Amino acid sequence: MSLSPSRVFAELNTARPPDQPNPMMGTAVVVGGSVAGLLAARVLSDHADSVVIIDRDDPQVAGARPGVPQGTQLHALLPGGLLQLERLFPGFREAALARGAVEAPPEARRNYLDGRPKVVVPDDADTLAGSRPLLEGLIREQVLRLPNVKTVTARAAGLVFDGTAVTGVRCDVGGVAGVERAELVVDAMGRSSRLSDWLEQAGWDRPVTRRMTVHLNYATAVFRRPDVTPPSTVVLALNTSKTEVDVAGAAFFAIEDGRWMAMMAGYGNDRPGRTPEDFVRRLREQFPPEFGEVADQEMLGDVQTYHHADSRRRDFHALKRFPAGLISVGDAVASFNPVYGQGMTSAALHAACLSTYLRSDPDLRAPAHHFLALQRVVVDAAWSISTSADLGLPHVDGPYPRGYRISSWASRQIIAATVTDVTTARRFNDVVSMREHPSALARPGVLLGALRANRRAH
Ligand SMILES: Cc1cc2nc3c(=O)[nH]c(=O)nc-3n(C[C@H](O)[C@H](O)[C@H](O)COP(=O)(O)OP(=O)(O)OC[C@H]3O[C@@H](n4cnc5c(N)ncnc54)[C@H](O)[C@@H]3O)c2cc1C
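Residues numbered from 1 in each chain as written. Predicted model: local features only at pLDDT ≥ 70, side-chain atom pairs only at ≥ 80, totals over all residues. Heavy atoms only, no water.

S.K.: Hey, could you go over the overall build of the protein for me, with residue numbers and the actual values?
M.R.: Counting secondary structure elements, the protein contains 13 helices and 18 strands. For 458 residues, the compact-globule estimate of 2.2 N^0.38 gives 23 Å, and the protein sits close to it at 22 Å. The C-alpha extent of the protein, read off along each of the three principal axes, is 65 × 50 × 40 Å. Relative to its 458 residues, the protein shows a buried fraction of 55%. Surface summary for the protein: the accessible area is close to 20400 Å², and the carbon and sulfur share equals 51%. Within the protein, the 50 negative side-chain charges are centred at a point lying 6 Å from the centre of the 51 positive side-chain charges. (Helix = DSSP H or I, 4+ residues; strand = E, 2+ residues; numbered from the N terminus. Rg over C-alpha atoms; globule rule 2.2 N^0.38 Å. Buried < 20%, exposed > 50% of the residue type's maximum accessible area, 1.4 Å probe, protein only. Areas by Shrake-Rupley, 256 points an atom, 1.4 Å probe, with all protein chains shown as cover. Lys, Arg positive; Asp, Glu negative; His and termini not counted. Charge placed at Lys NZ, Arg CZ, Asp CG, Glu CD.)

See the structure below:
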């Protein structure tokens, strides 16, 4: 099926859930009750009599939890993600602010490059700053308020097949084996999803898994925030190889409960900020003074570290044979270098793909090829943004896509122009915040505009 990627993206970014529920199946089961699974469940609640979310973690446990080890790390919500959340849960923004999330309008966001303020034209869309448990908890609360959604605390152990269709999920509930029957099963088990193994065990092909090794080392710490919040609530600083500093970047966000959340990251053998002393010293010595002001506050708790080995995607869309009654969403399909903050927004766009698919009145007894084709557009877009930026890192050595030299030259021109040219910057921001498809940057007019702006600036 050939779909125009930019049109698909535009439709996903304007699509709304149906005004009226439109049930077309009895039970849908979602395996994984994190951001992607919860958003899929929200969409399914419009189309199924009942939706069951299976997660091995107890949904009542607030805060960080074992099933989401990255939950302690700083999480940015891109404007594209906030847009989707607001559509699925009208009033989401206000509800998040009432819980203590902090507004991050363009004027409250600051960027530094190699220690100098980066005079980029800021993204003119609003977003929110809050911890990952706050955002996930609020989404869960809204989903579990739906009368036809329930959760089961269990470990999913495999799929049940009837011929060429998936008809349920095998579970382990506290040592007791059981089965949840379903007309549609959604895998939202995250990066470590075992769906490929389960397919192979049942005689199907596993999808090709593509990887780009990045070896990113995150460290995050929380600090007390002064009563009067400074004007900048989201501050990012990037260091390029010109600086000879082993920290690739750092950021701090105002989050709920009067706290700052600060992170720093390095690549390969660079593991900055693993102890409180090292973390604070680097914030003071290797970043602009605003970072030092955060470091001067009391650190609350320990430094939390996380190693992210690679970006990876599983190409379910390319499988010749795929069972009916099954889809996969979120990190289970594709997870990216987290510095670009695409994960939750991608999950929200996968939910928009599911909504579009189900609103097209599909035959659920056939494989969900239409869904897979829509989702591929989202995955390709996020993958191209994340991996083309990563290929510019000194320690990343491929795989290089066809035409990489010319496309990376064009990207450099466009990125340089975002510093001085409002039109280029707007378009670029729309793409990196996943509100517009990357092909918007490949139009000749955009490159010409960028080249003209760069000439004017020199
Ligand atoms: C260090 C780091 C920083 C990040 N920063 C950002 C950011 O700034 N912005 C952003 O948008 N994204 C960020 N992400 C990505 C983001 O965390 C994910 O994209 C997002 O959580 C969506 O993931 P998911 O719901 O698909 O999977 P996950 O959040 O990984 O959840 C998987 C769920 O499946 C459950 N599960 C797994 N296996 C089973 C099983 N067998 N049975 C039952 N349950 C099971 C788990 O308990 C868990 O609840 C970051 C990721 C990392 C690693």
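Right, picking up where we left off after that structure.
S.K.: Give me the lowdown on the packing of helix α9 (residues 343-359) against helix α10 (residues 369-390), citing residues and values where you can.
M.R.: Across the interface, α9 lies against α10 with an axial gap of 9 Å and an inter-helix angle of 155 degrees. When the axis of α9 is compared with that of α10, the two are roughly antiparallel. Crossing of α9 over α10 shows right-handed handedness. Of the residues in α10, those touching α9 at S346, L349, H350, C353, L354, T356 and Y357 are H370, F371, L374, Q375, V378, V379 and A382. Split by residue class, the contact of α9 with α10 holds 9 nonpolar, 5 polar and no charged. (Axes fitted to C-alpha atoms, helices over the stretch in contact; angles between N-to-C directions. Parallel < 35°, antiparallel > 145°, perpendicular 65-115°, else oblique. Left-handed = near helix turned anticlockwise from the far one by under 90°. Contact = heavy atoms within 4.5 Å. Nonpolar A, V, L, I, M, F, W, Y, C, P; charged D, E, K, R; others polar.)

S.K.: Help me get a handle on the sheet that holds strand β12 (residues 209-224), residues and values and all.
M.R.: What links the strands of a sheet is backbone hydrogen bonding, and the strands pair in either a parallel or an antiparallel sense. Here we have 8 strands laid out as an open sheet, ordered β5-β4-β13-β14-β15-β12-β16-β18, and mixed in their pairing. Of all strands in the sheet, those bounded by a partner on one side alone are β5 (116-117) and β18 (334-335). Across 5 bridges, the pairing between strand β13 (residues 234-238) and strand β14 (residues 249-255) is antiparallel. Looking across to β14, one finds that V235 is bridged to F252. In the packing of α10 onto the sheet, contacts are made with β12, β15 (259-267), β16 (299-314) and β18, and the angle to β16 comes to roughly 110 degrees. (Pairing = 2+ DSSP bridges.)

S.K.: Describe unusual backbone geometry, and please don't skip the residues or the numbers.
M.R.: Positive phi is not limited to glycine here, since H215 has a value of about 45 degrees. Locating H215 in the fold gives a position in strand β12. With a phi close to 55 degrees, D361 is a non-glycine residue in the positive phi region. Assignment of secondary structure puts D361 in the loop between α9 and α10. Accessibility expressed as a relative area gives 59% for D361, which makes it exposed.

S.K.: Explain the nonpolar core residue by residue, including any values.
M.R.: Residues L39, L44, F92, I139, V169, L354 and F371 are the most contacted members of the largest nonpolar core, which totals 84 residues. When residues in this core are grouped by element, the largest group, 10 residues, is from α9. When residues are assigned to domains, this core turns out to be shared by domain 1 (5-90 + 134-210 + 312-390) and domain 2 (96-130 + 211-309), each giving three or more. Sequence-distant contacts of F92, that is, excluding residues within four places in its chain, are made with L82, L85, E86, L135, L138, I139 and Q142. (Core = buried A, V, L, I, M, F, W, Y, C linked by side-chain atoms within 4.5 Å. Domains from an automatic or database assignment.)

S.K.: Lay out the environment of S386 in plain terms, naming residues and giving numbers.
M.R.: Relative to the helices and strands, S386 resides in helix α10. A sequence separation of 50 residues divides S386 from F336, and the C-alpha atoms of the two residues are 6.5 Å apart. Beyond its immediate stretch of four places on either side in the chain, S386 contacts S311, F336, N337, Y340 and Q342.

S.K.: Break down helix α12 (residues 422-432) for me, citing the residues and quoting the values.
M.R.: Buried within α12 we find T424, A425, F428, N429 and V431. All buried residues of α12 fall inside an arc of 160 degrees around its axis, so they share one side. Contacts from the buried residues of α12 go to α10, α11 (404-417) and α13 (444-457). A positive phi of about 65 degrees marks M434, the residue just after α12. (Arc of directions from axis to C-beta.)

S.K.: Account for the site of the ligand, with residues named and values stated.
M.R.: In the vicinity of the ligand lie 32 residues, with S34, D55, A76, R132 and D331 positioned nearest. At a separation of 2.6 Å, an oxygen atom of the ligand approaches a polar side-chain atom of S34. Between G341 and the ligand, the recorded distance is 3.3 Å, taken from a backbone N or O atom to an oxygen atom. Within the complex, 95% of the 1000 Å² of free accessible area of the ligand lies under protein. The two domains that each donate at least three residues to the shell around the ligand are domain 1 (5-90 + 134-210 + 312-390) and domain 2 (96-130 + 211-309). (Near = heavy atom within 4 Å. Polar contact = N/O pair within 3.5 Å; in protein donor to acceptor, adjacent residues only side chain to side chain.)

S.K.: Describe in detail α9, supporting the description with residues and values.
M.R.: Here α9 spans 24 Å end to end across 17 residues, near enough to the 24 Å set by a 1.5 Å rise per residue. Taking burial as the measure, the 17 residues of α9 include 14 buried ones, the bulk of the element. Taken from the residues just after α9, D361 is the one with a positive phi, measuring 55 degrees. (Expected span 1.5 Å × (residues − 1).)

S.K.: Explain the domain arrangement of the protein to me, using residue names and the numbers behind them.
M.R.: Accessible area lost on assembly of the parts is the figure often given for the size of an interface. Domain boundaries in the protein define domain 1 (5-90 + 134-210 + 312-390), domain 2 (96-130 + 211-309) and domain 3 (404-457). The gap between the C-alpha centroids of domain 1 and domain 2 is 29 Å. Facing 27 residues of domain 1, the contacting portion of domain 2 comprises 27 residues. On the domain 1 side of the contact with domain 2, Q73, L74 and L134 bury the most area, a combined 30% of that side's loss. One can count 1 salt bridge joining domain 1 with domain 2. Residue E141 is joined to R99 by a salt bridge in which the shortest nitrogen-to-oxygen separation is 2.8 Å. The tally of links between domain 1 and domain 2 comes to 7 residue pairs in polar contact (both at pLDDT 80 or more). Elements with a contribution of two residues or more to the side of domain 1 that touches domain 2: α3 (79-88), α5 (132-144), β12 and α10. (Buried area = accessible area lost by both parts, 1.4 Å probe. Salt bridge = Lys/Arg side-chain N within 4 Å of Asp/Glu carboxyl O.)

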